[in-house]
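# Summary of the model geometry
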Amino acid sequence: MKKVMIVAGARPNFMKIAPLCREFLRYKSQFRTLLIHTGQHYDFEMSETFFKDLKIPKPYVHLNIGSGTHTVQTANVMTAFEKVLLKEKPCLVIVVGDVNSTLACSLVATKMDIKVAHVEAGLRSFDRSMPEEVNRIVTDSLSDYLFVSEESGCQNLKKEGIHRKKIHFVGNTMIDTLLFNMPKINKSKILNTLGLKPNTYAVMSLHRPSNVDFKEPFVEILDVLKSCTKKIKLVYPVHPRAKKMMLVHGLKKDFDNLDNLLMIDPLGYIDFMNLIKNSRFALTDSGGIQEETTVLKIPCLTMRENTERPVTIDKGTNVLVGRNKARILKNVNEILKRESFRGRRAPRLWDGKTAQRIVKILSQQI
Ligand code: UD1
């Protein structure tokens, strides 16, 4: 029996591992899977609620790392994860996404001569001021199996000199989770709970360091929201980083005073997806939401100057708007004028079967 470790640490990781955990159960006679939670995210609504919603098994080990500077957080995960690897000696470590836990665990495994598989390999924003970009580049350069979600990822990896044989274009596990949970998403009562009607509001998600860590960009966003909320109600589940920085910059009152802005605690997966699915558009700086809106055919305005997920622009509903007020309002006006919005066909292999492809490849090659 081969021992495989699956690592997750932060909110966007959980939707990516859920279908893998499920698929590995079908290979019980070949693999024993151990789930490791690094504890990078630890609040109930940033972690445990996703385990409940997505029926992810309880972690085999919880490293309880918590927050810190990038170096402290990464180093703490590394030290704790090394102990787990020494004890368990798996033949493969699977990491997903681009968070600090992804980088930390792939580095430790490689140093111990344990093979690494990276799910969501190859994405590049070409912006090294983003912590995630550094995590992606290092993780990909160390990985033995690179599972890629969109074609741009294959090209990026080839350009970086990664051997063709290591690159597997398999599709998107986040979309596996979205399609698998659609019946439950459709049944969510979150609109009733929040007193909302379908198509009468937009959803905002905002937490990137480049948008919230410094006062100036956060003030620019506040100014954009003042205009946006005159046109449509905005629902904003506030990420803990944004909540903290709002207080640090003394902006909490200004946000509270916006009439048509509904600030709520972060939502679980099922409720959040229902909220997005029934919205007029999403205003976001998240990576995953660009992908989910592409499949749900909900217009997405991304408050960044670049994206590592270009397929969401070519094939999906995504438009890059940065913090540019004129650009944002022009797009909002256009969306509100349209009766309905039809996105194009979903990107290739975003079909709900990505985890099946990944585990099949691993079962043949390990
Ligand atoms: C991390 C990821 C980012 C991802 C995001 C999704 C990295 C480098 N960044 O960013 O790619 O898009 O998760 O959420 O890994 N905090 C809490 N409770 C929690 C977790 C965090 O209060 O459960 C607060 C802490 O004050 C912490 C801050 O949020 O310092 C930031 O958390 P951290 O994990 O460092 O980064 P994120 O901004 O969440």
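Throughout what follows, the structure given in this document is the object of discussion. Predicted, not measured: the structure shown is a model, and the values here were computed from it. (Residues numbered from 1 in each chain as written. Predicted model: local features only at pLDDT ≥ 70, side-chain atom pairs only at ≥ 80, totals over all residues. Heavy atoms only, no water.)

## Examining the overall build of the protein
Put simply, the rule is: Helix numbers and strand numbers start at the N terminus; a helix is a DSSP run of H or I with at least 4 residues, a strand a run of E with at least 2. A simple rule labels every residue: compare its accessible area, found with a 1.4 Å probe on the protein chains alone, to the largest value its type can have, and call it buried under 20%, exposed over 50%, or partly exposed in between. Throughout, a residue-residue contact means that at least one pair of heavy atoms, one from each residue, lies within 4.5 Å. Per-residue and other accessible areas follow the Shrake-Rupley method at a 1.4 Å probe size, with only the shown protein chains counted as cover for residues. His is not counted here, nor are the chain ends, while Lys and Arg score as positive and Asp and Glu score as negative. Each charge is placed at NZ for Lys, CZ for Arg, CG for Asp and CD for Glu.
If you tally the helices and strands in the protein, you get 18 helices and 13 strands. Its C-alpha atoms give the protein principal-axis dimensions of roughly 60 × 40 × 40 Å. The 366 residues of the protein split such that 58% are buried. Considering only residue pairs separated by 6 or more positions, the protein has 70% of its internal contacts joining residues 24 or more positions apart. Surface summary for the protein: the accessible area is close to 16,100 Å², and the carbon and sulfur share equals 52%. The protein carries 58 positive and 37 negative side-chain charges, and their two centres are separated by 5 Å.

## Quick notes on the pattern of salt bridges
To keep it simple, the criterion reads: We define a salt bridge as a contact between a side-chain nitrogen of Lys or Arg and a carboxyl oxygen of Asp or Glu at a distance within 4 Å.
Within this structure, the stated rule accounts for 22 salt bridges. In this structure, E160 and R124 form a salt bridge, with 2.7 Å as the shortest nitrogen-oxygen distance. Here E160, found in the loop between α6 (151-159) and β7 (167-169), pairs with R124, found in the loop between β5 (115-121) and α5 (131-142); they are 36 residues apart in sequence, far enough to count as distant. Among the residues examined, E160 registers a relative accessible area of 38% and is labelled partly exposed. Overall, R124 belongs to the buried group, its relative accessible area being 3%. Each of K16, D98, E120, E133, R136, E291, R304, E308 and R309 takes part in salt bridges that share partners, so that together they form one network.

## What about the site of the ligand?
Formally: The criterion for a residue being near a molecule or strand is simple. One of its heavy atoms has to lie within 4 Å of it. Any pair of N or O atoms that falls within 3.5 Å is considered a polar contact. Within protein, one atom must be able to donate a hydrogen and the other to accept it, and sequence-neighbouring residues count only if both atoms are side-chain atoms. Each residue is assigned to one class: nonpolar for Ala, Val, Leu, Ile, Met, Phe, Trp, Tyr, Cys and Pro, charged for Asp, Glu, Lys and Arg, and polar for all the others, Gly among them.
Around the ligand there are 21 residues in total, and Q40, H41, E132, H239 and R241 lie nearest to it. N100 places a main-chain nitrogen or oxygen 2.8 Å from an oxygen atom of the ligand. Here the ligand has 740 Å² of accessible area as a free molecule, and 90% of this is covered by the chains. Those elements that place two or more of their residues in the shell around the ligand are α3 (70-88), α5 and α12 (240-248). Considered class by class, the residues forming the shell around the ligand number six nonpolar, nine polar and six charged.

## Side note on the packing of aromatic side chains
Rule in force here: Here is the rule: rings of Phe, Tyr and Trp (six-membered ring for Trp) pair when centre to centre is within 6.5 Å. Planes less than 30 degrees apart are stacked, more than 60 are edge-to-face, and the remainder are tilted.
Taken as a whole, this structure holds five aromatic pairs when the rule is applied. Ring geometry for Y145 versus F147: centroids 6.4 Å apart, planes at 10°, classification stacked. Accessibility expressed as a relative area gives 1% for F147, which makes it buried. Taken together, F14, F50 and F51 form an aromatic cluster joined through their ring pairs.

## Description of the nonpolar core
Convention followed: Joining through side-chain atoms within 4.5 Å is the link that ties buried Ala, Val, Leu, Ile, Met, Phe, Trp, Tyr and Cys residues into a set, and such a set is a nonpolar core.
Counting residues in each nonpolar core, the largest one holds 56 residues, and the members touching the most others are L20, I56, I94, F147, L178, Y269 and L275. Looking at which element gives the most residues to this core, the answer is helix α1 (residues 11-24), with seven residues. In this structure, L206, V212, A242 and M246 belong to the second largest nonpolar core, which totals 30 residues.

## So, the sheet that holds strand β1 (residues 2-8)
Let me state the cut-off plainly: Note on pairing: two strands pair once DSSP finds at least 2 bridges between them.
Taking strand neighbours across the sheet as the criterion, the seven strands line up as β3-β2-β1-β4-β5-β6-β7 in an open arrangement whose pairing is parallel. The open sheet is flanked by β3 (61-62) and β7, the only strands paired with a single partner. Bridge count for β5 against strand β6 (residues 145-148) is four bridges, and the pairing is parallel. Residue pairing for β6: A117 is matched across the bridge by Y145.

## Some points on α6
Helical periodicity: at 3.6 residues per turn, an α-helix aligns residues three or four positions apart in one direction. Listing the buried residues of α6 in full gives S152, G153, C154, N156 and L157. The inward-facing, buried residues of α6 abut β5, α5, β6 and β7. G161 sits one or two residues past α6 and shows a positive phi near 85°.

## A closer look at the pairing of strand β8 (residues 201-205)
Counted residue by residue, β8 has five buried out of five residues, so it is predominantly covered. Residues Y201, V203 and S205 line one face of β8 and the alternating positions A202 and M204 line the opposite face, and both faces are buried. The sheet contact formed by β8 and strand β9 (residues 233-237) spans three bridges and is parallel. Paired with V203 across the bridge in β9 is V235. As paired elements, β8 and strand β11 (residues 282-284) share three bridges and run parallel to each other. Paired with S205 across the bridge in β11 is T284.

## Concerning the sheet that holds β9
Here is the rule: With axes taken as lines fitted to C-alpha atoms, and helix axes fitted only over the stretch in contact, angles between N-to-C directions fall between 0 and 180 degrees.
The strand order across the open sheet formed by six strands is β10-β9-β8-β11-β12-β13, and the pairing between neighbours is parallel. On the outer flanks of this sheet lie β10 (261-264) and β13 (318-320), each paired with one strand and no other. Geometrically, the sheet is characterised by an average inter-axis angle of 20° between neighbouring strands, direction not taken into account. Pairing between β9 and β10: four bridges, direction parallel. By the bridge assignment, V235 is partnered in β10 with L262. Contacts between helix α11 (residues 215-231) and the sheet are confined to β8, β9, β10 and β11, with β9 contributing the most and set at about 130° to the helix. Relative to β8, helix α14 (residues 269-277) is tilted by about 130°, and along the sheet it contacts β8, β9 and β11.

## Digging into the packing of helix α4 (residues 100-111) against α5
Selection criterion: Oblique is the label for any angle not under 35 degrees, not over 145, and not in the 65 to 115 range, which are roughly parallel, roughly antiparallel and roughly perpendicular in turn. Handedness of each helix crossing follows the sense of rotation of the near helix against the far helix: counterclockwise by less than a right angle gives left-handed, clockwise gives right-handed.
Axis separation between α4 and α5 bottoms out at 9 Å; the angle between their running directions is 25°. If you check the angle between α4 and α5, you find them roughly parallel. Regarding α4 and α5, the two cross each other, and that crossing is left-handed. Judged by residue contacts, N100, T102, L103, S106, L107 and T110 of α4 engage N135, V138, T139 and L142 from α5.

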